[in-house]
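The residues making up each chain are set out below.
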Amino acid sequence: MKRGFSPQRRPYAAAAGLLTLTLTLAACSGSSSGSGSGSGSDDELRLAISAEMPTLDPETVYQVEGNQVLSAAYEGLLQYSPDSSDKIVPMLAESYDISKDGLTYTFHLRDDVTFAGGRTMTSKDVQASFERLAEPKVESQMAYMVADVDGYQTPDASTFVLDLKAPSSAFLSLVASPFGPKVIDSDVLTKYQADHALGYLKEHTAGTGPYQLASLTAGQEYDLKRTAGYWGGEPAFASVSVKVISDVATQLLQLQGGDLDVVSAQPVATLKQFAGNPDFQVVQFPTLQKADLHVKTTGTLSDPKLREALRDSIDRSSLVSRVWGDYAKVSTQMYPAGMVPEGTSTDTWQTSTGASTTLATLAKGKKITLGYIAGNTADKQAAEGLQAQWASAGVDVELTVVQGNDVYGLSSSLSTAPDLLFEKAYPDSAHPDTWARLFWYSDPAKGNGALNYLGGGTKAADAAIDAGAAATDQATIDADYAQAGDDIHADVSYITLADIQDAFIMSKDLTGAGHWLPEPMTLDLRTLKRN
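Just so it is clear, the model here is predicted, and its values are computed rather than measured.

K.L.:
Where do I start with the pairing of strand β9 (residues 221–226) in this structure?
P.N.:
Of the strand pairs in this sheet, strand β8 (residues 211–217) and β9 are connected by six bridges, and their pairing is antiparallel. Bridge pairing links Gln212 to Lys225 in β9. Where β8 folds back onto β9 in an antiparallel hairpin, the turn is made up of three residues, including Gly219, whose phi is positive at roughly 75 degrees. Sheet topology note: the β9/strand β10 (residues 239–244) ladder contains five bridges and is antiparallel. Of the residues in β10, the one forming a bridge with Leu224 is Val240.

K.L.:
Would you take a moment to explain unusual backbone geometry for this structure?
P.N.:
Most peptide bonds are trans, and most residues other than glycine sit at a negative phi. Unlike most non-glycine residues, Ala265 shows phi in positive territory, near 55 degrees. By the element assignment, Ala265 lies in the loop between β11 (262–264) and α8 (268–275). Exposure remark for Ala265: the relative accessible area of 10% places this residue in the buried category. Positive phi, close to 50 degrees, is recorded for Val492, a residue that is not glycine. Tracing the sequence through the fold places Val492 in the loop between α15 (474–491) and β18 (494–500).

K.L.:
What am I meant to see in helix α2 (residues 64–73) here?
P.N.:
In an α-helix there are 3.6 residues to a turn, and that puts residues three or four apart on one side. Summarising burial for α2: 10 of the 10 residues are buried, a large majority. Those residues of α2 that sit buried are Val64, Glu65, Gly66, Asn67, Gln68, Val69, Leu70, Ser71, Ala72 and Ala73.

K.L.:
Sorry if this is basic, but what is going on with the packing of helix α14 (residues 459–470) against α15 here?
P.N.:
With their axes 8 Å apart at the nearest point, α14 and α15 run at an angle of 165 degrees to one another. Classed by the angle they form, the pair α14 and α15 counts as roughly antiparallel. Our pair here, α14 against α15, has a crossing hand that is left-handed. Contacts between α14 and α15 pair Ala460, Ala461, Ala464, Ile465, Ala467, Gly468 and Ala469 from the former with Ile477, Asp480, Tyr481, Gln483, Ala484, Asp487 and Ile488 from the latter.

K.L.:
Sorry if this is basic, but what is going on with the side chain of Ser173 here?
P.N.:
With respect to the element layout, Ser173 can be found in helix α4 (residues 171–176). Discounting chain neighbours no more than four positions away, the residues touching Ser173 are Tyr80, Ile88, Ser429 and His431.

K.L.:
I keep staring at the environment of Asp419 and nothing clicks. Help me out?
P.N.:
Mapped onto the fold, Asp419 is located in the loop between β16 (396–402) and β17 (420–425). In this structure Asp419 comes out as buried when scored by relative accessible area, which is 5%. Counting along the chain gives 118 residues from Asp419 to Leu301, while the straight-line C-alpha distance between them is 6.9 Å. Beyond its immediate sequence surroundings of up to four residues, Asp419 is in contact with His294, Val295, Lys296, Thr300, Leu301, Lys367, Ile368, Thr369 and Leu454.

K.L.:
I'm lost on the sheet that holds strand β12 (residues 280–285) in this one. Help?
P.N.:
Paired through backbone hydrogen bonds, the strands of a sheet run either parallel or antiparallel to each other. Taken in spatial order, the three strands of this open sheet run β11-β19-β12, and their pairing is antiparallel. Both outer strands of the open sheet, β11 and β12, are each paired with one neighbouring strand and no more. Within this sheet the neighbouring strands show an average axis-to-axis angle of 25 degrees, counted without direction. Pairing between β11 and strand β19 (residues 502–507): three bridges, direction antiparallel. Each bridged residue has a counterpart across the sheet, and for Val263 the counterpart in β19 is Ile505. Each of β11, β12 and β19 touches helix α7 (residues 248–256); the most contacted strand, β11, lies at about 155 degrees to it.

K.L.:
What is the right way to look at the packing of helix α10 (residues 316–323) against helix α12 (residues 377–392) in this model?
P.N.:
Each packed pair of helices is defined by two parameters, the angle between the axes and the distance between the axes. Close contact between α10 and α12 brings their axes to 10 Å; oriented N to C, the two are set at 145 degrees. Where α10 crosses over α12, the handedness of that crossing is right-handed. Contact residues: α10 offers Ser318, Leu319, Arg322 and Val323, while α12 offers Ala378, Gln381, Ala382, Glu384, Gly385, Leu386 and Gln389. Taken together, the residues of the contact of α10 with α12 break down into five nonpolar, four polar and two charged.

K.L.:
Is there a simple way to think about the confidence of the model for the protein in this case?
P.N.:
For any part of a model where pLDDT is low, the fine detail of the predicted coordinates should not be relied upon. With 91% of its residues at a pLDDT of 70 or more, the protein shows a mean pLDDT of 91. Per-residue pLDDT stays below 50 along residues 1–34; that stretch engages in 123 contacts with residues further than four places along the chain or on separate chains.

K.L.:
Help me understand the pattern of salt bridges in this model?
P.N.:
Working definition: two side chains of opposite charge can pair if their charged atoms are close together. For the structure on display, the rule yields 23 salt bridges. Among the salt bridges present, the one from Arg119 reaches Asp125, with a minimum N-O distance of 2.6 Å. According to the relative accessible area criterion, Arg119 is partly exposed, its value standing at 25%. For Asp125, a relative accessible area of 0% puts it in the buried group. One network of salt bridges, with partners in common, ties together Asp42, Arg46, Asp261, Asp509 and Arg530.

K.L.:
Can you walk me through the sheet that holds β18 in this structure?
P.N.:
Strand order in the open sheet formed by six strands is β14-β18-β13-β17-β15-β16, with mixed pairing between adjacent strands. Where the open sheet ends on each side, the last strands, each with one partner, are β14 (328–330) and β16. Adjacent strand axes in the sheet meet at a mean angle of 25 degrees, parallel and antiparallel pairs treated alike. Bridge count between strand β15 (residues 367–373) and β17: three bridges; the pairing is parallel.

K.L.:
Whenever I open this one, the packing of aromatic side chains confuses me. Can you help?
P.N.:
To describe a pair of aromatic rings, one takes the distance between the centres and the angle between the planes. Enumeration over the complete set of coordinates arrives at 16 aromatic pairs. Residues Tyr105 and Phe107 carry aromatic rings whose centres are separated by 6.5 Å and whose planes lie at 15 degrees to one another, so their mutual orientation is stacked. A relative accessible area of 4% means that Tyr105 is categorised as buried. By relative accessible area, which is 0% here, Phe107 ends up buried. With centroids separated by 4.4 Å and ring planes inclined at 15 degrees, the aromatic side chains of Tyr192 and Tyr200 adopt a geometry described as stacked. Residue class for Tyr200 comes out partly exposed when judged on its relative accessible area of 22%.

Definitions and limits used
Residues numbered from 1 in each chain as written. Predicted model: local features only at pLDDT ≥ 70, side-chain atom pairs only at ≥ 80, totals over all residues. Heavy atoms only, no water. Pairing = 2+ DSSP bridges. Helix = DSSP H or I, 4+ residues; strand = E, 2+ residues; numbered from the N terminus. Buried < 20%, exposed > 50% of the residue type's maximum accessible area, 1.4 Å probe, protein only. Axes fitted to C-alpha atoms, helices over the stretch in contact; angles between N-to-C directions. Parallel < 35°, antiparallel > 145°, perpendicular 65-115°, else oblique. Left-handed = near helix turned anticlockwise from the far one by under 90°. Contact = heavy atoms within 4.5 Å. Nonpolar A, V, L, I, M, F, W, Y, C, P; charged D, E, K, R; others polar. pLDDT = per-residue confidence, 0-100. Salt bridge = Lys/Arg side-chain N within 4 Å of Asp/Glu carboxyl O. Phe/Tyr/Trp six-rings, centres within 6.5 Å; stacked < 30°, edge-to-face > 60°.

Following this line, the structure appears as C-alpha cells:
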C-alpha cells in the first residue's frame, strides 16, 4: 500500500513563487493570441502534465500525472462512470456475478477487444495481468488490491473467475480503481518474462485503450496515436501530445499561445481569471479529494480537550473561501464527499468565541507546530490561514515545511514530527475502506495505515473498518464505516476542512469531456472532441 512519491501521488504542483506571474497571464483579455482554439491540427489534442513518469508500466505507476497517459493506453475489467459519479460500470468485462458467500467473482469478458497489435483479448490475458500485479519482483504498490485473491480460473476465453480468501466489500471498487488491475497483452509478458516485462513496459505500451504510445522524448513529451479498430469506437483525435511542463506559468503561456488545449492544477486565482475569458472555458468536476489535518495525539496535543478546542476554533467557511473559493465546499463528513450516506460520520462544529477562549487557556505556554507539504501554493495559503485563525485566539502556531517524500518517515519518528499536518489527499476508489484503512488505521501491520502519518486513529475505529470490509450487506457496510468515522471524530486525530473540485482550463472549442470521480487531473479521451 505504500506510495513512493508524495502523499498525494504528486498532485497540484503549482509552485508558490509563480502565483504573481500566473495571475498576470490569466488576466489577459479575450484577444489572447491563442484565441482558445489552438494553433495545431484539429486532429491533434495537446495536454500537459507537471512531472515525468518513471515508467509507462500500468502496474508500477502510482502517481496522478501518469493517469492521463495510462488511462488512454490501458483499461481494466470495470471502471467508474465517466460522468464523475461513484457508479461502477462495465469496461472490458460486459458483466459480472458474485457468489452468495462473497468469495467468487465471475467476469464475462467482451469478445471484441483487441490489443494494439491486433490480437483479441482473452481471459488468459486477464489472468496474466492480475498475477503479474501480485508478483513480488514487480514491486507494485498496488499489489494490495489483489493480495486477498486465493486463485484464478479461465473456463473459456471469455470468462475470468477469481476466488477471494475472505469477503471484501471493497474488492469491486479496487477492480474499477484508476490504479487497479489493467489488462496487458500476455504475449508481451511472455516475450519479456525474464524481467517480468519491466524493461519493455517502461518505454512501450501494450494495452487495449483508445491510444497507444507512438514515441516519447524523455522528460519532455509523450506522443500517443489512435488505436486502429478500438472496440469502444474511434476517438475524435488521431493523436495526443502530452507535454511534461512543471512550471504552471509556462503551461499558461502555451495555452494562450495555442500550443496547448488543456491545463489543470492551476491556482484558484488563475481559474477565476480564465472563467471570465471568452476564449477559454473552465470545466469543473467533483472528485474525492479532501483537505484535512492529521493530528498527533501524543506530546503537545495529548490532551483531547486541547485537540477539540483547536478544531472548534477553526472557521472553515472563511478558510475555504480564502483558499479555494468556488472550487471547494466546506467539509461536513469525515470521508470524502458522497463516500458514506449523507448525515453519517459527520465532522461538524459551531465556531464560537467561547471555543477560542477555551483554546487560549488550554494552549497557554505551548508552541504548536503545523506542517504542510512543500511546493503547493494552496497548501501554503491554507496553513497560513489556519495559523492566523489560531493566532487570533492567542495560540502560538509555528509553520514548518515538509518535503513530499519525507512525510512517509513521520510516523516512525513522531517525537520530531509536527503536531499537525495539513494535506490534500484522495483515495484509490470511492469505497470508504480505501480512505479509512489507509489514513486512519492505527495498527500498521500488513500495510494498514500506510498514510497515517502522525499515528492517529483508535483500536475501536480499526475494528469497525475491518467489520465493514468483511460485511456483505450494504446497510452493515455503511453502519460500520460510519462508526469508524465517528470514532475518529471523537478522538480528534483528524480534522476535515474541505472537499475540493477538479478544474480544467480548456480551449473554447473542446467539448465532450468525461471525468472519473477517483481520478483527479485526468480526462476521458474517448469522448473529448473539437467542435
